[in-house]
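Structural overview
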Amino acid sequence: MSPEKFATVQALFPFIAILASLGIGGWVLTTWMRIKNGYPLDGAWGQAIYPKTDQEAAERIRLLSQENAQLRAELGSVKDRLAVIERIVTDGSHRLDHEIEQLRHKPN
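Analysis parameters
Residues numbered from 1 in each chain as written. Predicted model: local features only at pLDDT ≥ 70, side-chain atom pairs only at ≥ 80, totals over all residues. Heavy atoms only, no water. Salt bridge = Lys/Arg side-chain N within 4 Å of Asp/Glu carboxyl O. Helix = DSSP H or I, 4+ residues; strand = E, 2+ residues; numbered from the N terminus. Buried < 20%, exposed > 50% of the residue type's maximum accessible area, 1.4 Å probe, protein only. Patch = residues over 30% accessible without salt bridge, like charges linked within 9 Å, V, L, I, M, F, W, Y side chains within 5 Å. Areas by Shrake-Rupley, 256 points an atom, 1.4 Å probe, with all protein chains shown as cover. 1 Å grid on protein atoms, 1.4 Å probe; cavity = no way out; pocket = protein on both sides within 12 Å on 5 of 7 lines; lining within 4 Å. Points joined across faces, edges and corners; volume = space filled by probe spheres on them. Nonpolar A, V, L, I, M, F, W, Y, C, P; charged D, E, K, R; others polar.

Before going further, it helps to spend a moment on the pattern of salt bridges. Scanning the model with the defined rule gives three salt bridges in all. Between Glu-101 and Arg-104 there is a salt bridge, with the nearest N and O atoms lying 3.0 Å from each other. Placement of the pair is Glu-101 and Arg-104 together in helix α3 (residues 93-104), with a separation of three residues, close to one helical turn. Here Arg-104 falls in the exposed class, since its relative accessible area comes to 61%.

Structure follows, in structure tokens:
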């Protein structure tokens, strides 16, 4: 290698070392954050290295699924009630009065 090229490489070496250090430090930081927050680690091709399959995770999924089903049912009833309220608000007063009178005279 010629002395000029060697001097150029020697002058660029600190910048290359800093860039490499930042890249490795960033990788270490993101891996630490993933571990800290419970995310599974990924391999070179995106596969999970240590997927969580413990009993606690399965129970958590079951409880979240249950809660999701309850919230969907509640949302359905809220939508039905909202539809009734919208119908009452948008319908003419004559029709509403007529339906109220029918309910008053309806035998129990």
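The rest of the description comes next.
Looking now at a nonpolar patch on the surface. A cluster of nonpolar side chains, contributed by Leu-82, Val-84, Ile-85, Ile-88 and Val-89, occupies part of the molecular surface with about 440 Å² of accessible area. Along the chain, Val-89 turns up in helix α2 (residues 55-90). On the accessibility criterion, Val-89 (64% relative accessible area) is exposed.

Here the structure, examined in full by the defined rule, presents one cavity of 30 Å³ or more. The computed volume of the largest cavity comes to approximately 30 Å³. Lining the largest cavity are Arg-87, Ile-88, Asp-91, Arg-95, Leu-96 and Glu-99. Elements that contribute at least two residues to the lining of the largest cavity include exactly α2 and α3. Considering each element in turn, the lining of the largest cavity owes the most residues, three residues, to α3. Across the lining of the largest cavity, the residue classes break down as two nonpolar, no polar and four charged.

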